[in-house]
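Chains, contacts and geometry: an overview
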Amino acid sequence: MGNRTFFLKPNVVIEPLIDRWYAWSHLVSPATAAMNIVGRHLKIMNSYLQAPQIHAAAIKNPKMLGGPFMDYNGSKVEDIKRLKEDTIKNRVKSIELHSAIVELDKMLKTYAKGYSLEPLYERVPNILKGYVELVYDLNNNPSYRLFESLLYKSEFYNESSQSIALWVTNNDSRPFCLSTPRLNSPEVLHLNIPFNHKGIDDLSRMKRNPDSIDRLANILGVSSDERTLFDTFFTEEQSPSYRKYEGEKARMRYFGHACILIETKDVNVLLDPVISYYGYESTVSHFSDFDLPNIIDYVIITHNHQDHILFETLLPLRHKIKNIVVPITTSGALQDPNLKLVFKNMGFQNVIEMDEMEEIKFDNITITAIPFTGEHSDLNVKAKACFHISIKEFSFLFVADSRVMEPMLYTHIHKIIGNIDVLFLGMECDGAPLSWLYGPLLTEDLARDKDQSRRLSGSDFTGGMNLIEIFKPKEVYVYAMGQEPWLEFISSIKYTEESNPIIQSNRLIQECHKRNILAERLFGEKELFYNYNN
Ligand SMILES: [Fe+2]
């Protein structure tokens with residue numbers, strides 16, 4: 001190849017995996033990882049090994065979309081057997097941690113009766129000793145908080161379980177990623193490198209800046225056997241380059257789901273990055289990573305759900321992200337992993353935590369974190385925030401999946417931030433039950449009717465109208481509906497006109513039109529310009 005340089009093909013996926021499962025935040029943080037390895041991965045693998053044909057049938061049933069079924073047509077029994085054995089061998093410490101957490105909960109329920117917790121420290125399972133503080137709430141309910149930062153430095157955090165799968169995508173169809181691990185296949189190259197490996201940045205840069213394939217193969221540890229496949233990921237053809245926005249207005253671009261880029265000629269902010277690829281035919285026109293600036297000033301994360309923190313999008317952008325803003329949590333609660341620690345351990349720099357009503361100011365932009373309620377099955381999760389972004393006097397409010405349950409909250413907030421110009425509101429109001437996402441964290445069964453009543457639901461018509469009446473926006477966009485085809489593998493959502501979130505959001509849009517408010521449910525892509533100078 002000599003001195004020739006190449007681009008990484010635009011539709012190469014740099015897919016982060018943990019134990020060969022699609023990486024998401026709960027697989028990074030050591031305690032939630034332990035719970036998911038046992039309560040999700042091993043459970044699904046065991047179920048597949050017992051009855052692969054049941055999985056094959058369930059996958060064909062659209063009602064089972066997003067269920068705990070592996071999309072392998074029942075034909076991968078040997079591979080799954082091997083993956084299960086590898087998991088048990090490589091993750092022995094995490095599996096022990098899972099047992100210890102279950103035991104700790106049981107111990108507290110048995111012995112913590114309102115008296116001092118100090119004598120109970122000796123009953124804490126040995127491997128958890130020094131990693132927990134035992135606490136009561138004011139009603140004498142016992143619990144514990146984890147020292148998460150110490151767990152990341154312990155034998156329970158295992159970077160060698162991380163890897164990157166490289167492959168070329170030509171369409172949006174993929175199995176639901178929380179239920180199907182990625183096995184070996186001829187077109188996929190697995191790199192056994194941790195997520196904080198600098199080579200991921202070098203590789204990602206090559207989508208725009210050509211480099212030598214030999215150099216990259218060297219950095220990433222690609223073996224000579226793997227070179228033939230590795231070389232197919234590169235091309236000499238340059239993809240369209242990004243033209244920096246130089247206009248006088250603020251440009252808003254919707255990339256799908258909750259991903260929005262706000263740009264002025266001076267700065268840019270990218271919310272909840274979930275971005276599709278350039279370089280293959282899609283039925284829905286969309287922006288891609290080629291429509292992102294070369295430097296992203298602020299990435300903002302609203303909450304810790306897998307469709308709002310997509311490492312597959314974020315890792316390849318790491319080299320161009322100047323700052324990443326996350327909602328703060330220091331609770332140490334199992335269900336509420338600290339996002340700063342997640343990102344830091346994945347090699348992100350400048351991770352900024354924001355608490356409710358805190359502000360960041362730069363140039364003429366002010367970012368304010370606003371309380372986010374609901375959508376977490378009534379679990380005490382603090383790592384969630386809505387964001388108010390103002391450019392001079394012009395303001396956007398992004399409420400993501402926050403479910404408006406008590407309008408007075410927003411009346412209080414309105415007193416501080418005033419009216420807004422543009423509202424972005426998620427209305428996925430028929431969310432999954434608690435167990436779908438948090439089930440592996442429970443150490444005791446939750447009755448089915450209780451599980452069904454505690455959902456991951458965003459705002460409905462009434463909640464949305466409350467916000468509109470309080471903040472009096474001139475424009476309202478329903479977003480974060482998980483409907484774009486490239487979202488399906490992560491959101492497992494397929495709506496019809498009869499689906500409640502569609503009915504509720506249609507009603508909201510009609511009501512806005514009646515009141516002369518511009519309103520639309522976003523899908524695919526959208527570009528709007530706002531004059532912030534008046
Ligand atoms: Fe969510």
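Structure's up top.
In short, a report on the structure. Source: prediction; values computed, not measured. (Residues numbered from 1 in each chain as written. Predicted model: local features only at pLDDT ≥ 70, side-chain atom pairs only at ≥ 80, totals over all residues. Heavy atoms only, no water.)

Moving on, we come to the sheet that holds strand β18 (residues 394-398). With mixed pairing, 7 strands are arranged side by side in an open sheet as β15-β16-β17-β18-β19-β20-β21. A strand with exactly one partner marks an edge of an open sheet, and here the two such strands are β15 (359-362) and β21 (518-521). In this sheet, adjacent strand axes meet at a mean angle of 15° when their direction is disregarded. Bridge count between β18 and strand β19 (residues 422-426): 3 bridges; the pairing is parallel. Along β19, the bridge assignment pairs F398 with F424. Helix α12 (residues 407-417) contacts β16 (365-371) and β17 (385-391) of the sheet and is inclined by roughly 160° relative to β16. Across the face of the sheet, helix α17 (residues 500-514) comes into contact with β19, β20 (475-479) and β21 while running at roughly 165° to β21. (Pairing = 2+ DSSP bridges. Helix = DSSP H or I, 4+ residues; strand = E, 2+ residues; numbered from the N terminus. Axes fitted to C-alpha atoms, helices over the stretch in contact; angles between N-to-C directions. Contact = heavy atoms within 4.5 Å.)

Quick look at the nonpolar core now. If you look at the biggest cluster of nonpolar residues, it comprises 102 residues, and the most contacted ones within it are L128, L166, F230, L314 and F343. Looking at this core element by element, the count peaks at 8 residues for helix α2 (residues 30-50). Apart from the residues within four sequence positions on either side, F230 is in contact with L166, L189, I213, L216, A217, L220 and V222. (Core = buried A, V, L, I, M, F, W, Y, C linked by side-chain atoms within 4.5 Å. Buried < 20%, exposed > 50% of the residue type's maximum accessible area, 1.4 Å probe, protein only.)

Estimates place the volume of the second largest pocket at around 800 Å³. For the second largest pocket, the lining is made up of 27 residues, of which D105, P142, S143, Y144 and Q335 are closest to its centre. When residues of the lining of the second largest pocket are assigned to their parent elements, the largest contribution, 4 residues, is made by strand β5 (residues 142-146). (1 Å grid on protein atoms, 1.4 Å probe; cavity = no way out; pocket = protein on both sides within 12 Å on 5 of 7 lines; lining within 4 Å. Points joined across faces, edges and corners; volume = space filled by probe spheres on them.)

With that settled, the discussion passes to α2. Since one α-helical turn is 3.6 residues long, residues separated by three or four positions face the same way. Over its 21 residues, α2 runs 28 Å from end to end, which matches the ideal 30 Å to within 8%, given 1.5 Å per residue. Helix geometry: α2 is bent most strongly at I37, by close to 35°. (Expected span 1.5 Å × (residues − 1). Bend = angle between axes of the 7 residues up to and from the residue.)

Before going further, it helps to spend a moment on the sheet that holds strand β2 (residues 12-18). Strand order in the open sheet formed by 4 strands is β3-β2-β6-β7, with antiparallel pairing between adjacent strands. Two strands in the sheet have a free side with no partner beyond their single neighbour: β3 (21-22) and β7 (189-191). Bridge count between β2 and β3: 2 bridges; the pairing is antiparallel. By the bridge assignment for β3, I18 is matched with W21.

In this section: the coordination of the iron ion. Looking at the metal site, the iron ion is ligated by H303 (NE2), H305 (ND1), E375 (OE), E375 (OE) and D401 (OD), spaced 2.2 to 2.5 Å from it. Considered as a linear motif, the donors of the iron ion on their single chain read H-x1-H-x69-E-x25-D. On the criterion of sequence distance, the pair formed by H303 in the loop between β12 (296-300) and α10 (311-317) and D401 in the loop between β18 and α12 is long-range, its members being 98 residues apart. Across this residue pair, the class does not change: H303 and D401 are buried. (Donors = N, O, S within 2.8 Å, 3.2 Å for Na, K, Ca; no water.)

Below, the discussion takes up the pairing of β2. Across the 7 residues that make up β2, a large majority, 7, are buried. Burial of β2 is two-sided: the residues V12, I14, P16 and I18 facing one way and the residues V13, E15 and L17 facing the other way are all buried. Across 7 bridges, β2 lies against strand β6 (residues 162-168) in antiparallel orientation. Across the sheet, the residue bridging to I14 is L166, located in β6.

This part takes up the pattern of salt bridges. A complete count under the given rule lists 31 salt bridges for this structure. The salt bridge involving K81 is made with E78; its shortest N-O contact spans 3.5 Å. Of this pair, K81 and E78 both sit in helix α4 (residues 77-90), 3 residues apart, which is roughly one turn of that helix. With a relative accessible area of 36%, K81 lands in the partly exposed category. With a closest N to O distance of 2.7 Å, E527 and R253 form a salt bridge. (Salt bridge = Lys/Arg side-chain N within 4 Å of Asp/Glu carboxyl O.)

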